[in-house]
Structure formats: structure tokens, C-alpha cells
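# Descriptive structure summary
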Amino acid sequence: MKQQVFYGKGMPLVKQENPELYNAIVALNDAVFNGKVLDYKTQKLIAIAITAASGDKRGTFKQIYSGMNHLAITHDEVMDALNMVLLTSGMPPFIKAVRVLEKVEKEIEADKKQCKS
């Protein structure tokens, strides 16, 4: 969500219909992702783990994709975060997230091939 990139499908509608609320959400986002101690990449890895632990495949996809695509987060870094999901949330959300990671990597690879064409 850094730099006003939100993954919720409803955010454009909130921005259009309630700009004051949207601006409050942006301000909260800026306050959370302030990087006082943890850099944004570390914060993103935490966000990946939390989203994966919830079992939200769409959210997990978006978090992993943006982390790998925009912050150069590696497969191994994502797996380290997902290992915390296994430990804290169990096997089902962990396996679901590992499958999502595989899907993200395939999509990123396809995007790269498409750009070369």
C-alpha cells in the first residue's frame, strides 16, 4: 500500500465517493509504513506473512507480486516469511501461500517474456 497503491478493489470507489475518508486512509498508510526502524522491504515481508496467515489467496498474491516485482524480494525471502506462517498459523495457510508464490513467479516470468516480445 505504499505510495497510495491499494489492493482493495473498493478503494477507487472510496476515493471517488468519499475523498476525506480516502485521504485519512492514505495518512494512516503513511504513518504505518514510516520506516523508522524497519525498512519497507522488511515491512512488506511482514505484510506477506500476515496476509498469507489469513488464508486470503488474492491478497497474498497481490502482496507477494508487488514485493517481488517492485522491491526485488526473492523467492527465498518470501519462503522465510512463509515459514513463520507455518509455525504460527499451521499447514493449510502455509501450503496455500506456497502455491500462490509459485503462481506469482509464473506470472512474473510470463510478464517478462511478454515485455521482450
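Heads up: the structure comes first, above all this text.
Quick caveat, the model's predicted, so the values are computed rather than measured. (Residues numbered from 1 in each chain as written. Predicted model: local features only at pLDDT ≥ 70, side-chain atom pairs only at ≥ 80, totals over all residues. Heavy atoms only, no water.)

## Here we look at a nonpolar patch on the surface
Here is the rule we go by: Only residues whose relative accessible area exceeds 30% and that take part in no salt bridge are eligible for patches, with like-charged residues grouped when within 9 Å of each other and nonpolar side chains (Val, Leu, Ile, Met, Phe, Trp, Tyr) grouped when within 5 Å. Only the protein chains shown count as cover for residues, with accessible areas throughout obtained via the Shrake-Rupley method and a probe of 1.4 Å. Take a side-chain nitrogen of Lys or Arg and a carboxyl oxygen of Asp or Glu: if they are within 4 Å of each other, that pair is a salt bridge. A run of DSSP states H or I qualifies as a helix once it reaches four residues; a run of E qualifies as a strand once it reaches two. Both are numbered from the N-terminal end.
A surface patch of nonpolar side chains, about 400 Å² in accessible area, is lined by V37, L38, I46 and I50. Mapping V37 onto the fold places it in the loop between helix 2 (19–32) and helix 3 (40–54).

## Concerning the nonpolar core
Let me state the cut-off plainly: Side-chain atoms within 4.5 Å are what join buried Ala, Val, Leu, Ile, Met, Phe, Trp, Tyr and Cys residues into a set we call a nonpolar core. Summary of the burial criterion: residues with accessible area below 20% of their type's maximum are buried, those above 50% are exposed, and those between are partly exposed, where the area comes from a 1.4 Å probe applied to protein chains only. Any two residues whose heavy atoms approach within 4.5 Å at even a single point are treated as in contact.
In this structure, I48, I64, M68, V78, L82, L101 and V104 are the most contacted members of the largest nonpolar core, which totals 20 residues. Breaking this core down by element, the ones donating at least two residues are helix 3, helix 4 (57–71), helix 5 (75–89) and helix 6 (91–116). Residues contacting V104, with those up to four places away along its chain left out, are F61, I64, Y65 and M68.

## Focus on the pattern of salt bridges
Under the definition given, this model contains two salt bridges. Note that K41 is salt-bridged to E77, the shortest N-O span being 3.2 Å. With K41 in helix 3 and E77 in helix 5, the pair connects residues that are 36 residues apart, well separated along the chain.

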